[in-house]
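As a plain string of letters, each chain reads:
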Amino acid sequence: MNIVTYPAPVLRQKAKPLTEINADVYKKAEKMVELMHRAHGIGLAAPQVGWSVRLFVIDVVGNNVDDKVFINPSIMEEAGETSKEEGCLSFPGIMGKVIRTRKIKACAYNLNGQKIEVVLEDLLARAWQHELDHLNGCLFIDRMSPASRLAASQQLKELERSYKKDRVPV
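One structure accompanies this document, and this report is about it. Computed from a predicted model, the values in this text were never measured in an experiment.

Definitions and cut-offs
Each chain has its residues counted from 1, following the order in which its sequence is written. Only residues with pLDDT of 70 or above have their local features reported here, since the model is predicted, and side-chain atom pairs are shown and tallied only from 80 upward, although totals for entire chains, interfaces and linings are computed over all residues. Side-chain measures were taken over the full set of non-hydrogen atoms in the model, leaving aside hydrogen atoms and water. A run of H or I in DSSP becomes a helix once it reaches four residues, and a run of E becomes a strand once it reaches two; helices and strands are each numbered from the N terminus. Here a polar contact is taken to be a pair of N or O atoms separated by no more than 3.5 Å, where protein atoms must pair a possible hydrogen donor with a possible acceptor and residues adjacent in sequence count only if both atoms sit in side chains. We call two residues contacting when some pair of their heavy atoms lies within 4.5 Å. Burial classes: relative accessible area under 20% of the type maximum marks a residue as buried, over 50% as exposed, and values in between as partly exposed (1.4 Å probe, protein chains only). Under the counting rule used here, the positive set is Lys and Arg, the negative set is Asp and Glu, and His together with the chain ends is not counted. Criterion for a salt bridge: a side-chain nitrogen of Lys or Arg within 4 Å of a carboxyl oxygen of Asp or Glu. Residues belong to one nonpolar core when they are buried, are Ala, Val, Leu, Ile, Met, Phe, Trp, Tyr or Cys, and are joined through side-chain atoms within 4.5 Å. Side-chain rings of Phe, Tyr and Trp (the six-membered ring for Trp) are treated as a pair once their centres are within 6.5 Å; stacked means planes under 30 degrees apart, edge-to-face means over 60, and tilted covers the remaining angles.

Take the side chain of Arg54 next. With respect to the helices and strands, Arg54 occurs in the loop between β1 (43–45) and β2 (55–58). A polar contact is formed between the side chain of Arg54 and the side chain of Asn136, at a distance of 3.1 Å. Setting aside residues up to four positions removed in sequence, Arg54 forms contacts with Lys14, Ala15, Lys16, Pro17, Phe70, Ile71, Asn72, Pro73, Leu132, Leu135 and Asn136.

Of note, Glu131 is situated in helix α2 (residues 122–135). Arg100 provides the closest opposite charge to the buried, salt-bridge-free Glu131, at an N-O distance of 8.2 Å. For Glu131, the contacting residues outside a window of four places in its chain are Gly43, Leu44, Ala45, Gln48, Phe56, Val57 and Ile58.

Tracing the sequence through the fold places Ile71 in strand β3 (residues 69–79). Judged by relative accessible area, Ile71 falls into the buried class, the value being 1%. For the pair Ile71 and Lys84, spaced 13 residues apart in sequence, the C-alpha to C-alpha distance is 26 Å. Setting aside residues up to four positions removed in sequence, Ile71 forms contacts with Leu18, Ile21, Arg54, Leu55, Ala108, Tyr109, Asn110 and Leu111.

Right, let's talk about the nonpolar core for a bit. Of all hydrophobic cores here, the largest spans 17 residues; its most connected members are Leu18, Met32, Leu44, Trp51, Leu55, Val57 and Val69. Mapped onto this core, the elements with two or more residues apiece are α1 (23–38), β2 and β3. When sequence neighbours within four positions are dropped, the list of residues in contact with Leu18 reads Val25, Trp51, Val53, Leu55, Ile71 and Asn72. Of all hydrophobic cores here, the second largest spans 16 residues; its members include Cys88, Leu139, Phe140 and Leu159.

Attention now moves to the packing of aromatic side chains. Scanning all chains against the criterion turns up five aromatic pairs. Between Phe56 and Trp128, the aromatic rings sit 5.1 Å apart at their centres with planes inclined by 90°, giving edge-to-face as the arrangement. Taken as a pair, Phe56 in strand β2 and Trp128 in helix α2 lie far apart in primary sequence, 72 residues in all. Each member of the pair Phe56 and Trp128 is classed as buried. The interplanar angle of 75° and the centroid separation of 5.3 Å between the aromatic rings of Phe91 and Phe140 together place this pair among those described as edge-to-face. Of the two residues, Phe91 sits in the loop between β4 (82–87) and β5 (95–100) while Phe140 sits in helix α3 (residues 140–143), which places them 49 residues apart along the sequence. The same class applies to Phe91 and to Phe140, which are both buried.

Purely geometric stuff here, so don't read any function into it on its own.
Take a look at the structure:
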């Protein structure tokens, strides 16, 4: 399992709901948590590893795997607004200002199939929204301020060139 980088088509697809939680799902989620930690990230969505399902992992504080995995997530309430620098593991080296909701009430299922509701603020709310965007085929570059997008344009073109080069048949 590896992190896919922009402009891989899977990053633009709307992920399908996860209908069954089995040993394979648990194993993949565990690998995603490990991969996220190795890459020094705080969140990773299934499409970022080429798996187009509605699951993401988040770890801002470091706790059990079960508490980091969110299946079929949604946001129920939003409040406030904040603008901060964001990065993404699928966009190595690229950062940009993104406006997000400051506080959210969200729900999802955990690996035990139990529905959970959480109220998140600041960094956790930002991470949740970022990963949920991935499940909907929306990337953080789509939400970047125009100035940040312009500043990142050369790096984005380089990622696109690199992606094409890696896919040319020999």
